[in-house]
Amino acid sequence: MSVLDRKIDFAVVVSVRNANPNGDPLNGNRPRQNYDGYGEISDVCIKRKLRNRLQDMGELILVQSDDRRDDGHRSIKDRVDANEAVQEHAKGKKANKELYADAACQSWIDVRSFGQVFAFSGTDVSVGIRGPVSIHTAVSQDRIDISSMQITKSVNSVTSPKDPDKRGSDTMGMKHRVDFGVYVIYGSINTQLAEKTGFTYEDAEKLREALRTLFANDTSSARPDGSMEVYKLYWWEHKSKLGQYSSAKVHRSLIIEENPEVNEAEKNTYARYTYDIQPLDGLEVQEYEGL
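As the structure is a prediction and not an experimental result, all values here were calculated from the model. (Residues numbered from 1 in each chain as written. Predicted model: local features only at pLDDT ≥ 70, side-chain atom pairs only at ≥ 80, totals over all residues. Heavy atoms only, no water.)

**Q** Quick question: what am I supposed to make of the packing of helix 1 (residues 43–56) against helix 7 (residues 201–212) here?
**A** Between two packed helices, what matters for the description is the angle formed by their axes and the separation of those axes. Axis separation between helix 1 and helix 7 bottoms out at 9 Å; the angle between their running directions is 110°. The angle between helix 1 and helix 7 falls in the class roughly perpendicular. Considering the relative orientation of helix 1 and helix 7, their crossing is right-handed. Counted together, L50, R53 and L54 of helix 1 and K206, L207, A210 and L211 of helix 7 form the full contact between these two elements. (Axes fitted to C-alpha atoms, helices over the stretch in contact; angles between N-to-C directions. Helix = DSSP H or I, 4+ residues; strand = E, 2+ residues; numbered from the N terminus. Parallel < 35°, antiparallel > 145°, perpendicular 65-115°, else oblique. Left-handed = near helix turned anticlockwise from the far one by under 90°. Contact = heavy atoms within 4.5 Å.)

**Q** Hey, could you run me through the packing of aromatic side chains in this one?
**A** Centre-to-centre distance and the angle between the planes together describe a pair of aromatic rings. Applying the stated criterion across every chain yields a total of six aromatic pairs. Look at Y231 and Y270: their rings are 4.0 Å apart centre to centre, the planes differ by 20°, and that puts the pair in the stacked class. Pair noted here: Y231 is in strand 11 (residues 228–237) and Y270 is in the loop between strand 12 (254–258) and strand 13 (273–277), with a separation of 39 residues, a long-range link. Accessibility expressed as a relative area gives 18% for Y231, which makes it buried. On the basis of relative accessibility, which here comes to 30%, the residue Y270 falls in the partly exposed class. Seen in terms of ring centroids, Y231 and Y275 are 5.1 Å apart; in terms of plane orientation they differ by 45°. Their pairing is tilted. One end of the pair, Y231, is in strand 11; the other, Y275, is in strand 13, with 44 residues separating them in the sequence. (Phe/Tyr/Trp six-rings, centres within 6.5 Å; stacked < 30°, edge-to-face > 60°. Buried < 20%, exposed > 50% of the residue type's maximum accessible area, 1.4 Å probe, protein only.)

**Q** Quick question: what am I supposed to make of the pattern of salt bridges here?
**A** Pairing between side chains of opposite charge can happen when their charged atoms approach one another. Applying the stated criterion across every chain yields a total of 18 salt bridges. With a closest N to O distance of 3.0 Å, K206 and E59 form a salt bridge. Linking K206 in helix 7 with E59 in the loop between helix 1 and helix 2 (76–81), this pair joins segments that are 147 residues apart in sequence. Between D203 and R112 there is a salt bridge, with its nearest N and O atoms 2.8 Å apart. Residue D203 is located in helix 7, and its partner R112 is located in helix 5 (residues 109–114); the two are separated by 91 residues in the primary sequence. (Salt bridge = Lys/Arg side-chain N within 4 Å of Asp/Glu carboxyl O.)

**Q** Even after reading the chapter, I still don't get helix 1, so can you show me in this structure?
**A** Because an α-helix packs 3.6 residues into every turn, residues spaced three or four apart end up facing the same way. Counted at 1.5 Å a residue, the expected span for helix 1 with its 14 residues is 20 Å, and the 20 Å between its end C-alpha atoms agrees. Within helix 1, ten of the 14 residues are buried, which leaves it mostly tucked inside the rest of the structure. For helix 1, the full list of buried residues reads C45, I46, K47, K49, L50, R51, N52, R53, L54 and Q55. Of the residues one or two after helix 1, G58 is the one with positive phi, at around 95°. (Expected span 1.5 Å × (residues − 1).)

Pasting the structure below:
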């Protein structure tokens, strides 16, 4: 396996219809919005989905969701403590930050992709790893409309000792959704950091497939199957480690505009917009359809 020898930029066009792509826990779990009313999906949320997809593909993941644990460990520390290759460099005279970090990167693909902070009690090593894969917060193309509805549970969660037949306050709730929106995820892979973590070109290909199939096996009551879709993935591979152009210029080369010819039936689909790539001399883009 070869360490990544070329800078990579990417963009993912995502459509959302009658779903909550990323709830804000500080705002009643309403879909995230910026102050201008545009929808947002946090980079943390996107990385969580990428970890899940990589885990589905058979890769070892350090930061696992509780409902997706596949090794019996209930925390990151437990998972790290159980890794002999990492623990060999964690304590006593053998404690070594560089070897500890190398072992962690070799063990888990999300560590060598996104980085991780290791600072646990009981070890003589405290180290932070910077990952080569950076992902922006996804933002919608237009202001989003959010619909809210009140929901009720069919049964009480807790029986009232004074009146067993009385419904408790926990039976009532609210549910929110984005009626429609097209979001764009931008990201890059840095070769200098890839060299430090051992991130390979093969890892980049796995990441590309995870991005292309981002919402596979991601169904929930807030995101019914089919309500979120990857329309297209744009993938730029530069011819050098530093890149022929800045990531900002590459990302701006994706031009998304309102489609003047869209009909009423397609108004709430990705066909509402047109997607064009402004050519950059010497840099080609690869386009992949979503799942």
